[in-house]
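Next come the chains, spelled out residue by residue.
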Amino acid sequence: MTHTHDRLLIIDFGSQVTQLIARRLRELSIYCEIHPYQKVTDAFLAEFAPKAIIFSGGPDSVTREGSPRPPKAAFTMGVPILGICYGQQVMMQELGGLVESGHGTAEFGRAFVTPTETELSILEGWFAEGREQVWMSHGDHVSRIAPGFEVYGTSPGAPFAITADVSRHFYAVQFHPEVHHTPRGAKLYENFVRLAGFTGDWTMGAYKDDAIEKIRAQVGDGHVICGLSGGVDSSVAAILIHEAIGDQLTCVFVDHGLLRQNEAEQVVTMFRDNYNIKLIHADESELFLGALEGVSDPEVKRKTIGKLFIDVFQKYANEIEGAEFLAQGTLYPDVIESVSFSGGPSVTIKSHHNVGGLPEKMGLKLVEPLRELFKDEVRALGRELGLPDSFIGRHPFPGPGLAIRCPGEITREKLGILRKADAVFIDQIRKHGLYDEIWQAFVAILPVRTVGVMGDGRTYDFACALRAVTSVDGMTADYYPFTHEFLGETATRIINEVKGINRCTYDITSKPPGTIEWE
């Protein structure tokens, strides 16, 4: 993509929270990219031309021979650098300081940093109450700072918790300002990018214009097919591409019979009526449900659905004359996770890519206009493109759909019951104004029948589990603390309105140890 905005480079040394650095910067309207240290050569730096650099944390020890290092050119480019945790230690080691292991100065968890008497502009807004809470996670420690650096903050386990060489605009902290356990960490990043001269020009409006220009340049007169799942990512990608090339785009929406109540109709109506995008509605529910008959193993379910999706998508794609490109809703976290920090084989991109493996098989070139965006930025782009908030704010929905919310064998009867129960649950959440507080909510129908009493009669029907979680990114999650009144009201509605269910439970398992979905 042709970048007209300022760029910040994050050199990744393997921290588990490097993505959070990028998130903090994107929230400040700063364009940044994460690249593993092995990739960042002198030539890479010259081509990337960052306005500032951040060294991430990492699990290694700079005292180990062969441990990760940044290129020497990073220190001679004349741009501001911020080193975090391992990033601080590698700065000290490379610039003439000393890092040591052990000696009882490891710190893990919450700590408090107190300032020295000398003020530092990157710390503007800090220490109003005399000390700042930060999050430490280090075994090694800086025992001697590099020439030109001064100390601006200390903690019990890190006498050089905050150091800087102001003349060169080099800053280094032993803690992690990107995590929420460092409450004023965002302010530190804000000060750093301001000192580096960033204007905050990373906006969705600018991104949209850049992306449209790039799509047109890449596609030319070619034709693009897009596998539309009905989710936010693929929908935003499709509408963005349509803005760029119009009728050169055809979307294929594969309905596998495992969607929520009225979902297929809603997706098709939105695209055909509001966007006038060429859309093939491939109703293949009989094929999928037939193949899943008698299948109860969750992994077999997933593989069956994935293989059939590829087969069906290819069948319809082959009918589109002149198709040269395949569009995917790949996001930036997928791109980052596909690069192995250790330098070994690349990690497989998450299985939610419904058309994985197709580009090579069909000889198609990929169009991935969202590959530089995080999930929340995709939603912002969707708003920029005019998608309704009711669609953009929808909870995530898994590719295998209701199949993994139906433990045990899948039947049409159970899917029908599940759709109705799920619709009641979501209606309840919306009615109580809770939908936007919850990351994901759904009903799972359990592979057991239980005895119940309704009126004067005995029932022997299915039990269901309600699931609602809060999360930031889906990697970890906690159950939503509904009131007992809400749960009682919802259970009563489901049992009264959904024939086939006579018992409701609420799943209060966090992730980990559980997963969000049941299978």
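Remember, it's a predicted structure, so these values are computed and weren't measured experimentally.

**Some points on the pairing of strand E18 (residues 457–470)**
Part 1: Taken across its 14 residues, E18 has ten buried, putting it largely inside the fold.
Part 2: Inspection of the sheet shows strand E17 (residues 440–454) paired to E18 by twelve bridges, in the antiparallel sense. From the neighbouring strand, Arg 449 faces E18, where its bridge partner is Phe 462.
Part 3: Looking at chain direction, E18 and strand E19 (residues 478–479) are connected through two bridges and run antiparallel. Its bridge partner lying in E19, Thr 470 is registered against Asp 478.

**Thoughts on the sheet that holds strand E13 (residues 249–255)**
Part 1: Pairing within the open sheet is parallel, and its five strands lie in the order E14-E13-E12-E15-E16. Two strands in the sheet have a free side with no partner beyond their single neighbour: strand E14 (278–283) and strand E16 (365–367). Here the strands of the sheet are splayed against their neighbours by 30 degrees on average, with no regard to which way each runs.
Part 2: Two strands pair when backbone bridges link them, and strand E12 (residues 223–228) and strand E15 (residues 323–327) are joined in this way by four bridges, in the parallel orientation. Looking across to E15, one finds that His 223 is bridged to Ala 323.
Part 3: Helix H7 (residues 263–275) rests against E12, E13 and E14 of the sheet, and its axis sits at about 165 degrees to E14.

**Quick look at the packing of helix H6 (residues 232–245) against helix H12 (residues 375–384)**
Part 1: Interhelical geometry of H6 versus H12 gives an angle of 45 degrees and a closest axis separation of 10 Å. Classified by the interaxial angle, the pair formed by H6 and H12 is oblique. Where H6 crosses over H12, the handedness of that crossing is left-handed. Touching Val 232, Asp 233, Val 236 and Leu 240 of H6 are Lys 375, Val 378, Arg 379, Leu 381 and Gly 382, all from H12.
Part 2: For the contact of H6 with H12, the class distribution of residues is five nonpolar, one polar and three charged.

**Overview of the confidence of the model for the chain**
Low pLDDT means the predicted coordinates in that region are not meant to be read closely.
Part 1: Of all residues in the chain, 91% have pLDDT values of 70 or greater, and the mean over the chain is 87.
Part 2: Ignoring residues within four places in sequence, the model shows residues 340–356, a span with pLDDT below 50, making 33 contacts including any to other chains.

**Describing H6**
Part 1: Given a rise of 1.5 Å per residue, 14 residues ought to cover 20 Å, and the 20 Å separating the end C-alpha atoms of H6 matches this to within 8%.
Part 2: Backbone geometry just after H6 places Gly 246 at a positive phi near 55 degrees.

Cut-offs used in this document
Residues numbered from 1 in each chain as written. Predicted model: local features only at pLDDT ≥ 70, side-chain atom pairs only at ≥ 80, totals over all residues. Heavy atoms only, no water. Buried < 20%, exposed > 50% of the residue type's maximum accessible area, 1.4 Å probe, protein only. Helix = DSSP H or I, 4+ residues; strand = E, 2+ residues; numbered from the N terminus. Pairing = 2+ DSSP bridges. Axes fitted to C-alpha atoms, helices over the stretch in contact; angles between N-to-C directions. Contact = heavy atoms within 4.5 Å. Parallel < 35°, antiparallel > 145°, perpendicular 65-115°, else oblique. Left-handed = near helix turned anticlockwise from the far one by under 90°. Nonpolar A, V, L, I, M, F, W, Y, C, P; charged D, E, K, R; others polar. pLDDT = per-residue confidence, 0-100. Expected span 1.5 Å × (residues − 1).

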